[in-house]
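Structural characterization, general
Here are the chains, one letter per residue:
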Amino acid sequence: MRVAVFSAKRYDRALLAEANAAHGHDLTFQEARLEAGTVSLAQGYPAVSVFVNDEVDAGVLAALAAGGTRLVATRSTGFNQIDLEAAARHGIRVVRVTDYSPHSVAEFAVGLLLALNRHLHRAYERTRSGNFELDGLMGFDLHGRTVGVVGTGKIGRAFGRIMAGFGCRVIGHDPCPHPDFEAAGARYAPLEAVMGEAEVLSLHCPLTPATRHVVNAESLARVRRGLLLVNTSRGGLVDTQAAIDALKDGRLGGLAIDVYEQEADLFFRDLSSEIISDDLIQRLVSFPNVLLTGHQAFFTREAIGTILATTLASITAFERGEDLVNEVRPPGA
Ligand code: NAD
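The rules behind these values
Residues numbered from 1 in each chain as written. Predicted model: local features only at pLDDT ≥ 70, side-chain atom pairs only at ≥ 80, totals over all residues. Heavy atoms only, no water. Phe/Tyr/Trp six-rings, centres within 6.5 Å; stacked < 30°, edge-to-face > 60°. Buried < 20%, exposed > 50% of the residue type's maximum accessible area, 1.4 Å probe, protein only. Lys NZ or Arg CZ within 6 Å of the ring centre and 35° of its normal. Helix = DSSP H or I, 4+ residues; strand = E, 2+ residues; numbered from the N terminus. Pairing = 2+ DSSP bridges. Right-handed = clockwise from strand over helix to strand, strands pointing away. Near = heavy atom within 4 Å. Polar contact = N/O pair within 3.5 Å; in protein donor to acceptor, adjacent residues only side chain to side chain. Areas by Shrake-Rupley, 256 points an atom, 1.4 Å probe, with all protein chains shown as cover. Nonpolar A, V, L, I, M, F, W, Y, C, P; charged D, E, K, R; others polar. UniProt positions renumbered as here; feature names shortened; annotations may be inferred. Core = buried A, V, L, I, M, F, W, Y, C linked by side-chain atoms within 4.5 Å. Domains from an automatic or database assignment. Contact = heavy atoms within 4.5 Å.

Our next topic: the packing of aromatic side chains. Inspection of every chain in the model, using the stated rule, returns five aromatic pairs. The interplanar angle of 45° and the centroid separation of 4.9 Å between the aromatic rings of Phe181 and Tyr188 together place this pair among those described as tilted. Owing to a relative accessible area of 19%, Tyr188 belongs among the buried residues under this scheme. Feature note: the residues Tyr11, Phe51, Phe268, Phe298 and Phe299 constitute an aromatic cluster, connected by ring pairs. When the ring centre of Tyr45 is taken as reference, the NZ or CZ atom of Arg2 above it lies at 4.1 Å. Of note, Arg283 hangs over the ring of Phe287, and the distance from its end group to the ring centre comes to 4.3 Å.

Attention now goes to the pairing of strand β11 (residues 252-257). Among the six residues in β11, five count as buried, and that is most of the element. With five bridges connecting them, strand β10 (residues 227-231) and β11 associate as parallel partners. Along β11, the bridge assignment pairs Leu227 with Leu252. In this view, the connection linking β10 to its parallel neighbour β11 by way of helix α10 (residues 240-248) has right-handed handedness. Pairing geometry for β11 and strand β12 (residues 290-292), over three bridges, is parallel. Pairing of Leu255 across the sheet is with Val290, part of β12. For the crossover from β11 across helix α11 (residues 279-285) to β12, the handedness is right-handed.

Another point: the site of the ligand. Taken together, 24 residues are adjacent to the ligand, and Tyr100, Lys154, Ile155, Asp174 and Thr232 come closest. Separating a nitrogen atom of the ligand from a backbone N or O atom of Thr232 is a distance of 2.8 Å. For the ligand, whose free accessible area comes to 860 Å², the fraction covered by protein is 85%. Split by residue class, the shell around the ligand holds ten nonpolar, ten polar and four charged.

Take the UniProt feature "domain: D-isomer specific 2-hydroxyacid dehydrogenase NAD-binding" (unreviewed entry) in the protein chain next. The UniProt feature table records "domain: D-isomer specific 2-hydroxyacid dehydrogenase NAD-binding" (unreviewed entry) at residues 110-297. As annotated, residues 110-297 has a helix share of 33% and a strand share of 16%, and its two end C-alpha atoms lie 10 Å apart.

Ranked by internal contacts, the top residues of the largest apolar core, which has 50 residues, are Leu71, Tyr100, Leu113, Phe159, Met163 and Val170. When residues of this core are traced back to their parent elements, those giving at least two are β1 (2-5), β4 (71-74), α4 (102-118), β6 (146-150), α6 (154-165), β10 and α12 (301-319). For this core, the leading source of residues is α4, giving nine residues. Composition of this core by domain shows at least three residues from each of domain 1 (2-100 + 300-328) and domain 2 (102-292). Not counting residues up to four positions away in its chain, the partners in contact with Met163 are Val110, Leu113, Leu142, Val147, Cys168 and Val170. Core analysis: the next-biggest nonpolar cluster, separate from the first, contains 34 residues, Ala246, Leu247, Leu255 and Val290 among them.

Okay, here's the thing in structure tokens:
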């Protein structure tokens, strides 16, 4: 099948080409992300593959349908960048990668937490310039602390298990509780209780209308002073301006984010020689207690291998008219 692969980085090209030997699809790689200005590149391709910051909105889906596209395969777990209702209206099916290594993201969230709490990012910079002073680098023992987990799906549960192993008291919130979370020694509580009791809060729910800005000025007014907040899920879960205000007055003791609400115009590119006009991100990186990474939590050999293999297998299943086990449909469909 002819597949237009958008947002294709060097590693995507190399690994997809290798994995495709078993499938034989005709892959065309586009460095650009899929959006209104680039959708013409998908003309005549029955399948397109996208990534987290492509803009697969109603207009793009209409253009895709007109150009003959019938399948959108996102190389991600999250699918908030795709208008599922519009896709269904145009008869375009959507597949994602339901299950790749949840450990990749959970372990990264733990890494961010450890670095943030013990100021490893600052220690790294200090020692490289010969500064071995400890002032300003004091953290706290995680053992015995209360760690809140919002969203206890595959990643949230893996994160909860690791934190339980650190000797933390793990509490979580999820509208669909999972017995494995409690089996790991964690317990469920209402969202307000999780946010109010946590000394560390890690977000692992998808971005939906219900979860957008789940961390906002109002919820931050009720957190324990000095809360460490970790977000490896989606930027839109956090109201960035409210987080900045909470960092300024100390309600947030630290913020570690791998995702950012306006990341689409920034991430996955080298902008080091450009003027960045996004004042919010510039303010964020000016805080010593903010750690920012560019959506790399998924980026392990194991996860990428599974993501690409699953994407190609879904395209093959679609071509053969087989069941699409990783299909996502609009709510209620
Ligand atoms: P999952 O589907 O296994 O789990 C998501 C959980 O969130 C589910 O248990 C669901 O019930 C819960 N949830 C839904 N609405 C909620 C709400 N209002 N409050 C609390 N919980 C709610 O997904 P997963 O594999 O664990 O992935 C979680 C998220 O992580 C993805 O949606 C994606 O946004 C993000 N992610 C980020 C990266 C990265 O590289 N940074 C990589 C993969 C996934």
